[in-house]
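Observations on the three-dimensional arrangement
Listed below, chain by chain, are the residues.
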Amino acid sequence: VQALGVCSVFDQILLGLPEAEQEQVFTAYIQALNESPEQYRKDAAALEEQAKAAGSLDDLLPASNAMMAQIAESVSKGQFLYTKFFAVGIFRMLELAGLKEPSHLQSVVKAIGVPLERVNADLVTYKGILSKLKMAKTIMEEFLEREKKKQAERQAEKSAKTEAAA
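Residues numbered from 1 in each chain as written. Predicted model: local features only at pLDDT ≥ 70, side-chain atom pairs only at ≥ 80, totals over all residues. Heavy atoms only, no water.

On to helix H4 (residues 66-76), then. For H4, the set of buried residues is Met68, Ile71, Ala72 and Val75. Each buried residue of H4 sits inside an arc of 100° when the element is viewed along its axis, so together they form one side. Every exposed residue of H4 that faces more than 90 degrees away from the buried side is listed here: Ala66 and Gln70. The inward-facing, buried residues of H4 contact helix H5 (84-96) and helix H6 (102-112). The distance from a side-chain oxygen at the start of H4 to the backbone nitrogen of Met67 is 3.0 Å, and the residue carrying that oxygen is Asn65. (Buried < 20%, exposed > 50% of the residue type's maximum accessible area, 1.4 Å probe, protein only. Helix = DSSP H or I, 4+ residues; strand = E, 2+ residues; numbered from the N terminus. Arc of directions from axis to C-beta. Contact = heavy atoms within 4.5 Å. Polar contact = N/O pair within 3.5 Å; in protein donor to acceptor, adjacent residues only side chain to side chain.)

This part takes up the side chain of Arg92. Structurally, the position occupied by Arg92 is in helix H5. Among the residues examined, Arg92 registers a relative accessible area of 16% and is labelled buried. Once you skip the residues sitting within four places of it in the chain, Arg92 turns out to touch Leu4 and Ser8.

Another aspect to go through is the packing of aromatic side chains. What the rule picks out here adds up to 5 aromatic pairs. Look at Phe10 and Phe26: their rings are 5.6 Å apart centre to centre, the planes differ by 80°, and that puts the pair in the edge-to-face class. A residue pair is termed long-range when its members are at least 10 positions apart, and Phe10 in helix H1 (residues 2-13) and Phe26 in helix H2 (residues 19-32) qualify at 16 residues. There is no split in this pair, since Phe10 and Phe26 are both buried. (Phe/Tyr/Trp six-rings, centres within 6.5 Å; stacked < 30°, edge-to-face > 60°.)

This part covers the environment of Val88. As for its placement among the helices and strands, Val88 is situated in helix H5. On the basis of relative accessibility, which here comes to 4%, the residue Val88 falls in the buried class. Discounting chain neighbours no more than four positions away, the residues touching Val88 are Gly5, Ser8, Val9, Leu123 and Tyr126.

Okay, unusual backbone geometry next. One non-glycine residue, Asn34, adopts positive backbone phi at about 60°. The residue Asn34 is located in the loop between H2 and helix H3 (37-53) in this model. Residue Asn34 is classed as exposed on the basis of its relative accessible area of 72%.

Between H5 and H6, the least distance of the axes is 10 Å, while the angle of their chain directions is 130°. The angle between H5 and H6 falls in the class oblique. Where H5 crosses over H6, the two elements pack in a sense that is right-handed. Across the interface between the two elements, Phe86, Ile90, Met93 and Leu94 of H5 pack against His104, Leu105, Val108 and Ile112 of H6. (Axes fitted to C-alpha atoms, helices over the stretch in contact; angles between N-to-C directions. Parallel < 35°, antiparallel > 145°, perpendicular 65-115°, else oblique. Left-handed = near helix turned anticlockwise from the far one by under 90°.)

Counting residues in hydrophobic clusters, the biggest one holds 39 residues, and the most contacted among them are Ile90 and Met93. Put simply, the parts of the chain that give this core at least two residues each are H1, H2, H3, H4, H5, H6 and helix H7 (116-165). Setting aside residues no more than four positions away along its own chain, Ile90 makes contact with Val1, Met68, Leu105, Val108 and Ile112. (Core = buried A, V, L, I, M, F, W, Y, C linked by side-chain atoms within 4.5 Å.)

With that settled, consider the pattern of salt bridges. Within the structure shown, the criterion is met by 6 salt bridges. For Lys84, the salt bridge is made with Asp122, and the minimal N-O distance between the two is 3.6 Å. Within this pair, whereas Lys84 is found in helix H5, its partner Asp122 is found in helix H7, the two being separated by 38 residues in sequence. Note on Lys84: relative accessible area 52%, which makes it exposed. A salt bridge links Glu147 to Lys150, with the nearest nitrogen and oxygen atoms 3.9 Å apart. Note that Glu147 and Lys150 are positioned in helix H7 at a spacing of 3 residues, about one turn of the helix. (Salt bridge = Lys/Arg side-chain N within 4 Å of Asp/Glu carboxyl O.)

None of the figures reported here should be taken as evidence of function without further support.
Here's what the structure looks like:
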């Protein structure tokens, strides 16, 4: 779940960069944690497939999902380190499974024993960042379009002056 969250965040935030640079930044971050970027991608892909194959919410709850049961057990024993990436991973897992209702998130979070308030707060932050990135991208596209038009106008003026002088 953590890997899916990390990969999702990096893929979405670095979307404007060339693909090679995206992977370099991702790799540098994961290696700085003394982890394997390949393992993160592999784990994220495995959970994506599992989520897409889920037939219902029950397939993603600890009662019928070994991975989620293991997480719930770790939480109950106090051996689980919650992160914002985990919240994003849960959200993406549910999204990939087509389970987009807030009640679905509540059910999973309650079943594994993570505080719902914290997950919701982290998801609000995540969605806010994505919204700001989208807005920034739109502004940049508009700016580039205006600059392109100005450049074309300057070029046309230059051509007109050259023709008039000749």
